[in-house]
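Structural characterization, general
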Amino acid sequence: MDKKIIYWSLFHHGPWKMYLAATVEGLCYVGSIYKDMEELVNWVQKKLPHHLLEQNDKKLKPYVDEFTEYFDGKRTSFTFPIDLHGTPFQQSVWNALNNIPFGSTHTYSEVAEILQKPKSVRAVAAAIGANPILITVPCHRVIGKNGKLTGFRGGLEMKEKLLAVEKYPIIR
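What this report covers is the structure whose coordinates are included nearby. (Residues numbered from 1 in each chain as written. Predicted model: local features only at pLDDT ≥ 70, side-chain atom pairs only at ≥ 80, totals over all residues. Heavy atoms only, no water.)

Across its full length, the protein carries 6 helices and 6 strands. Listed by position from the N terminus, the elements making up the protein come as β-β-β-α-β-α-α-β-α-α-β-α. Here the C-alpha radius of gyration of the protein, 16 Å, is about what a compact globule of 172 residues would show, namely 16 Å. Taken over the C-alpha atoms alone, the protein extends approximately 45 × 35 × 25 Å along its principal axes. Taken over 172 residues, the protein has a buried fraction of 47%. In the protein, 58% of the contacts between residues at least 6 apart in sequence involve partners at least 24 apart. Of the roughly 9,100 Å² of accessible surface on the protein, 53% is carried by carbon and sulfur atoms. Where the 22 positive side-chain charges of the protein centre and where its 17 negative ones centre are 6 Å apart. (Helix = DSSP H or I, 4+ residues; strand = E, 2+ residues; numbered from the N terminus. Rg over C-alpha atoms; globule rule 2.2 N^0.38 Å. Buried < 20%, exposed > 50% of the residue type's maximum accessible area, 1.4 Å probe, protein only. Contact = heavy atoms within 4.5 Å. Areas by Shrake-Rupley, 256 points an atom, 1.4 Å probe, with all protein chains shown as cover. Lys, Arg positive; Asp, Glu negative; His and termini not counted. Charge placed at Lys NZ, Arg CZ, Asp CG, Glu CD.)

All right, on to the packing of aromatic side chains then. The geometry of an aromatic ring pair is captured by two quantities: the separation of the ring centres and the angle between the planes. Evaluation of the coordinates by the stated rule reveals 13 aromatic pairs. Note on tyrosine 29 and tryptophan 43: the rings are 5.2 Å apart at their centroids and 35° apart in plane angle, and the pair reads as tilted. Within this pair, whereas tyrosine 29 is found in strand S3 (residues 27-30), its partner tryptophan 43 is found in helix H1 (residues 37-47), the two being separated by 14 residues in sequence. Across the pair, exposure class does not vary: tyrosine 29 and tryptophan 43 are buried alike. Ring geometry for tyrosine 63 against phenylalanine 80: centres 4.8 Å apart, planes inclined by 70°, an arrangement best described as edge-to-face. You can see tyrosine 63 sitting in helix H2 (residues 57-71) and its partner phenylalanine 80 sitting in the loop between H2 and helix H3 (88-97), a full 17 residues away along the chain. Three or more aromatic residues joined by ring pairs make a cluster, and in this case those are Phe11, Trp16, Tyr63, Phe67, Tyr70, Phe71, Phe78, Phe80 and Phe102. (Phe/Tyr/Trp six-rings, centres within 6.5 Å; stacked < 30°, edge-to-face > 60°.)

Remember that the coordinates give geometry; whether it matters functionally is a separate question.
In structure tokens:
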């Protein structure tokens, strides 16, 4: 059996530095800001253990270009294909996140309500925390009921910076 390949590149634009990875189907992973390659390696071993990692800046260029435009304030949504790997429930949560408009937020409870699972707030939060494609699947747009920033795989500093890119007012 041929091993499948996950192509990766290090995205570096201004203060932003993170690993991006894609299969032939689309973007499958966006790393946390300032984290090393180990974060990507661990994700691949856990989620796609039969894949090999291969650095390929050329294959990742379309993704890098759109991320650059996003961080430069010239893009509010992404047009490249994505390749999400998760359970059906996680996929439903991630799909719901894609409907949160640029520059706005929802609470975890609101996401659970959208999914018609109002008692599943913790499960929704866990699925959001497992989102492998940060920024593109906008889990940074989910905040606490009190309007404050809460958990984020990339860390609260990264979440705050992403909301600042989208000019969302942060409550302190």
